[in-house]
Amino acid sequence: HVTALSQGIVLKLDGREIMVKVDSQSQIQDLAPEPGDIVVITTKSQATESGIAELAGVYDEGLRVVCLQNGTRNEEIAHRRFQNVYAGLVFFSAVQLEPASISLPQGLTVAVGCYPGGVDDTARQLCDDLTRAGFDALASGHVMAMKWGKLVANLNNATHAITGYWLE
């Protein structure tokens, strides 16, 4: 994945293909912290604790950390080590069948807010940046409540898997 990110990945969206290249590292220890850094965590929730511990070995507690993940405990884990934690909620699907190709079949909505609540200039700037990148981004002081709501709504997925019927 690191190689694919460095060489360029293709985002497939609305019949368009967008090539994106980013600087990437395979080890957190290889990062060179700079003032003003913001780290966006996009791992599965089970990797949050170890990832945050590794970040704490490189960055001081003032690092701004955005947990752009499903799950409702990631921010709590990050906040144990860092003072400036942001909750992020993704309202879209992404499919990555190979490292260099990601398909975004529906939606592009993202919400960002301070953890445990509120909005500050960083959350607003992140949303402005995401909007310029083509996302429908919302700065909200209620992202944690929104994440809990998404969790409850996603419980319907199990019902559908078991019965073959969607609850409406």
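Refer to the structure presented above.
Residues numbered from 1 in each chain as written. Predicted model: local features only at pLDDT ≥ 70, side-chain atom pairs only at ≥ 80, totals over all residues. Heavy atoms only, no water.

Draft legend 1. Structural context of the side chain of K147. Assignment of secondary structure puts K147 in helix α5 (residues 143–163). By relative accessible area, K147 is classed as buried at 3%. A distance of 2.9 Å separates a polar atom in the side chain of K147 from the backbone oxygen of Q69. At a separation of 3.4 Å, a polar atom in the side chain of K147 contacts the main-chain carbonyl oxygen of G88. (Helix = DSSP H or I, 4+ residues; strand = E, 2+ residues; numbered from the N terminus. Buried < 20%, exposed > 50% of the residue type's maximum accessible area, 1.4 Å probe, protein only. Polar contact = N/O pair within 3.5 Å; in protein donor to acceptor, adjacent residues only side chain to side chain.)

Draft legend 2. Seen up close, the side chain of T48. Relative to the helices and strands, T48 resides in helix α2 (residues 48–56). At a separation of 2.7 Å, a polar atom in the side chain of T48 contacts the side chain of N74. Other than its neighbours up to four places away in sequence, T48 contacts T43, Q69, N74 and I77. (Contact = heavy atoms within 4.5 Å.)

Draft legend 3. Focus on the pairing of strand β5 (residues 84–98). Judged from the five bridges that link them, strand β4 (residues 64–68) and β5 form a sheet pairing that is parallel. Following the sheet pairing, V66 is matched in β5 by Y86. Note: β5 against strand β6 (residues 101–114), nine bridges, orientation antiparallel. The partner of G88 across the bridge, within β6, is V112. Between the antiparallel neighbours β5 and β6 lie two residues. (Pairing = 2+ DSSP bridges.)

Draft legend 4. Expanded view of the pattern of salt bridges. A full pass over the atoms with the stated rule returns six salt bridges. A salt bridge links E49 to R80; the shortest N-O distance between them is 3.5 Å. Placement of the pair is E49 in helix α2 and R80 in the loop between α3 (74–79) and β5, with a sequence separation of 31 residues. Relative accessible area serves as the criterion here: at 52%, R80 is assigned to the exposed category. Taking the shortest distance from any N to any O, the salt bridge between E76 and R80 comes out at 3.4 Å. (Salt bridge = Lys/Arg side-chain N within 4 Å of Asp/Glu carboxyl O.)

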